[in-house]
Structure formats: structure tokens, C-alpha cells
Amino acid sequence: MPNASSWSASSPLLLLWEDSSGTRIFLSLLYAVLAISGTLSNVMVIYLVFSFKKLQTTSNAFIVNGCAADLSVCALWMPQEAVLGLLPPNSSSLRSAEYRLLRGGLLGLGLTVSLASHLLVAFNRYVLITKLPSVYQALYQRRHTGCMIGLSWALALLLVPLLPGLWAPGSGQQPPPRQTDGSPRYTALLLGLAVLGQTALLLHCYLGIVRRRRLSSVSVLLLCCVFLLGTQPLVWVSLLGFFLRPAPPALQAASWLLLCSLSALNPLLYTWRSEEFRRAARSVLPRG
């Protein structure tokens, strides 16, 4: 009987060895819903930005970059998890190291670029509102914007092969009773500190925008709250596992699910308050 803290071969994030078939089916359906809704919303935002000239701004370029990254999670990774959750845990096809590496790579690439895009959008809006127009125009020339987007993907491509355990907390194999090198613990620490630092910078940018305009923006407040809800559970679960003791497997699974669900929610967070996006969507969607 595998140890209770080990993850199943079929899903490195959410499904445990001892999960019942009902739990596995529920999680597979949840993955399917997130995959469909996230794919449609991300594709819609990308299509609108490329189709309407008024939406082709620097800030929206970073949003499109995030949507493209989120498609890696919603359109490529989540459907696989939805199907794998319905297969028996001892299926030989699920134990392939190459296949687990592919799934972990898709997830790592998507989440890394998506989190970087959140920060790029926040910093862009911060400079636009709090700095002189000349500073904004000098910083966000077309070439500079392209370099920022390219660096976000370069960073993700660099991290995925160097830290394979970062995006695959379970390898599908039972861990040894004692970890002598401590590498999983340091991986968790690196993950927690990286997301915590990114969150601090993002909140600094948005709070600076609110202070400068002397108003309380509902969209900024909602965006920050949803982002904190999606990222902070994983941060503190990771830090808890390093400094004290590993969190229960179900809590680890829930924290990863919240982070992954951001890929389906991001397009709505950045566009629902924009009249330009709503007008463009009404022009392409069927009436009623």
C-alpha cells in the first residue's frame, strides 16, 4: 500500500492513490469544465485583440501573451488530466516518464509565462498612470515590448528543464521513506518564494495606481483578490512544507487546483470592466 503522502501516477497534482472512483470522476469533470471555459475565453480575447485595432495596445499585448500561455494549461494540459483521471491508476500508459515530463513541461511553461504576464500588465499600467507620458513612451516602444514578452517565454523555457520537480510535485512513483538530499523541500521553498515575490510586486503596482488616482477601483480590487486566492494557498503550503512539515496531500492538491484555475479566469479578470472589450465582443457574438 503506497504511502498516504504519495501522488498517483495518473495526475501529479490532484489525484491520490487512495482516492475513490467518485472523487476521481468529480475531479475529471472539474478539469473538463475548466478546460472548455478557459480555452474559449482565452481564444476569444486573443481573437478580439487581433481583430479590432482599438484593442491593439501595449497593455493588451501583455494580456494576449498571458492568454497564449494559459492556453497551454487549459487547451493542452487540463484535457489530459480530465482523461487520465478516468483511467485506472495502474495503467501502464500513465507510468511513462516521458509522458509525465511532457505534461509537467506544458504546465510549467504555461504557469510561468502566465504569472510573468500578470506582472507585466501590472507594471505597464503602473507606469502609464504614475509616470510622465514621455517615460511611458520611451519604455514601451514596440521593440521593448516584444523583448519583454520574449523574455517571459525564455525564462519559462529555462526553468522547465532545470527544475523538473517544480511543476510535477508527484512523479507517479512512491518516494523513499527518507529524503537524504532534501531537494523536494528546496524546490517547494523556491516555488513559494518566487510566487510570493511576484505577488508583492504586483500588489505594489496596483496599490500605487489606486493611491495616485485617489479612488477605489472595483476591477483592481477584484483582480487582486482573485489573484491572491489563486496563488497564496500554494505559497504557504510550500513554505509550510519546508520550515515545518508537509501539508496534508488534499491541501496540497487544493492549492495546486486554485493556481491552475487562474488560467481559466484570467481573460475575464482583465476584460470584464473594459467597455472596448465588451463592445468588440457584442459585435462578434450572436445577439441575445
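Here the residue numbers are simple positions, counted from 1 along each chain's written sequence. Local features in a predicted model are, by the rule used here, given only for residues with pLDDT of at least 70; side-chain atom pairs are given and counted only at 80 or more, and totals for whole chains, interfaces and linings are based on all residues. Only heavy atoms go into the side-chain values, all of them from the structure, while hydrogens and water stay out.

1. Quick word on the UniProt feature "transmembrane region" (unreviewed entry) in the protein
No. 1: UniProt positions are given in the numbering used here, feature names are shortened, and annotations may be inferred rather than shown by experiment. In the numbering used here, UniProt assigns the "transmembrane region" (unreviewed entry) feature to residues 25–50, 62–80, 100–123, 144–168, 188–209, 221–244 and 250–272.
No. 2: Helix and strand definitions follow DSSP, with helices as H or I runs of at least four residues and strands as E runs of at least two, each counted in order from the N terminus. Annotation note: span residues 188–209, helix share 100%, strand share 0%, distance between end C-alpha atoms 32 Å.

2. Considering a nonpolar patch on the surface
No. 1: A cluster of nonpolar side chains, contributed by Ile25, Leu29 and Leu86, occupies part of the molecular surface with about 310 Å² of accessible area.
No. 2: With respect to the helices and strands, the residue leucine 86 is situated in the loop between α2 (58–84) and α3 (97–130).
No. 3: Classification of residues uses two cut-offs on accessible area relative to the type maximum, computed with a 1.4 Å probe and protein chains only: under 20% is buried, over 50% is exposed, and between them is partly exposed. For leucine 86, a relative accessible area of 55% translates into the label exposed. Note that patches include only residues with greater than 30% relative accessible area and no salt bridge, and the join distances are 9 Å for like charges and 5 Å for nonpolar side chains (Val, Leu, Ile, Met, Phe, Trp, Tyr). Only the protein chains shown count as cover for residues, and the accessible areas themselves come from Shrake-Rupley with a 1.4 Å probe. For this document, the term salt bridge refers to a Lys or Arg side-chain nitrogen within 4 Å of an Asp or Glu carboxyl oxygen.

3. A look at helix α7 (residues 218–243)
No. 1: Any helix carries an expected span of 1.5 Å times its number of residues minus one. The end-to-end C-alpha distance of α7, which contains 26 residues, comes to 36 Å, matching closely the 38 Å that a straight helix rising 1.5 Å per residue would cover.
No. 2: Helix geometry: α7 is bent most strongly at threonine 231, by close to 35°, with proline proline 233 lying one to four residues after it. The seven residues ending at a residue and the seven starting there each receive a fitted axis; the angle between those axes is the bend at that residue.

4. Some details on the nonpolar core
No. 1: If you look at the biggest cluster of nonpolar residues, it comprises 57 residues, and the most contacted ones within it are Trp77, Met78, Leu107, Leu111, Tyr206 and Trp256.
No. 2: At the level of elements, α1 (21–51), α2, α3, α6 (183–213), α7, α8 (249–271) and α9 (275–284) are the ones that each hand at least two residues to this core.
No. 3: Examining the composition of this core, we find that 10 residues originate from one element, α2, more than from any other.
No. 4: Not counting residues within four places of it along the chain, the set of residues in contact with tyrosine 206 comprises Val121, Ala122, Arg125, Val220, Leu223, Cys224 and Tyr270. What we call a nonpolar core is a set of buried Ala, Val, Leu, Ile, Met, Phe, Trp, Tyr and Cys residues that are connected through their side-chain atoms within 4.5 Å. Working rule for contacts: check all heavy atoms of both residues, and any pair within 4.5 Å makes them a contact.

5. Details of the packing of α7 against α8
Two quantities define a packed helix pair, namely the angle between the helix axes and the distance between the axes.
No. 1: Inter-axis angles, ranging from 0 to 180 degrees, are taken between N-to-C directions of lines fitted to C-alpha atoms, where helices are fitted over the stretch in contact. Their axes nearest at 8 Å, the elements α7 and α8 cross at an angle of 155°. The angle between the axes of α7 and α8 places the two elements in the roughly antiparallel class. Crossing angle aside, the handedness with which α7 passes α8 is left-handed. Where α7 approaches α8, its residues Leu223, Val226, Phe227, Leu229, Gly230, Thr231, Pro233, Leu234 and Val237 are matched on the opposing element by Leu251, Gln252, Ser255, Trp256, Leu258, Leu259, Leu262, Leu265, Leu269 and Tyr270.
No. 2: Nonpolar residues are Ala, Val, Leu, Ile, Met, Phe, Trp, Tyr, Cys and Pro. Charged residues are Asp, Glu, Lys and Arg, and all others, Gly as well, are polar. Residues of the contact of α7 with α8, tallied by class, amount to 15 nonpolar, 4 polar and no charged. Angle categories: roughly parallel below 35 degrees, roughly antiparallel above 145, roughly perpendicular from 65 to 115, and oblique for all the rest. Left-handed describes a crossing whose near helix is turned anticlockwise from the far helix by less than a right angle; the clockwise case is right-handed.

6. Description of the pattern of salt bridges
Working definition: two side chains of opposite charge can pair if their charged atoms are close together.
No. 1: Counted by the stated rule, this structure contains 5 salt bridges.
No. 2: Note that glutamate 275 is salt-bridged to arginine 279, the shortest N-O span being 3.7 Å. With a gap of 4 residues between them, glutamate 275 and arginine 279 both fall in helix α9, about one helical turn apart.
No. 3: On the basis of relative accessibility, which here comes to 33%, the residue glutamate 275 falls in the partly exposed class.
No. 4: Taking relative accessible area as the criterion, arginine 279 reaches 41% and is therefore assigned partly exposed.

7. Some thoughts on the packing of aromatic side chains
No. 1: When the centres of two rings from Phe, Tyr and Trp lie within 6.5 Å, Trp using its six-membered ring, the rings pair. Their planes under 30 degrees apart give stacked, over 60 give edge-to-face, and anything left gives tilted. On inspection of all chains with the given rule, the structure shows 3 aromatic pairs.
No. 2: Ring geometry for phenylalanine 62 against tyrosine 140: centres 6.1 Å apart, planes inclined by 70°, an arrangement best described as edge-to-face. Taken together, the residues span a long stretch of sequence, with phenylalanine 62 in helix α2 and tyrosine 140 in the loop between α4 (133–139) and α5 (142–162) at a distance of 78 residues.
No. 3: On the basis of relative accessible area, phenylalanine 62 is assigned to the buried category, the value being 0%.
No. 4: Where tyrosine 136 meets tyrosine 140, the ring centres are 4.9 Å apart and the plane angle is 35°; that geometry is what we call tilted.

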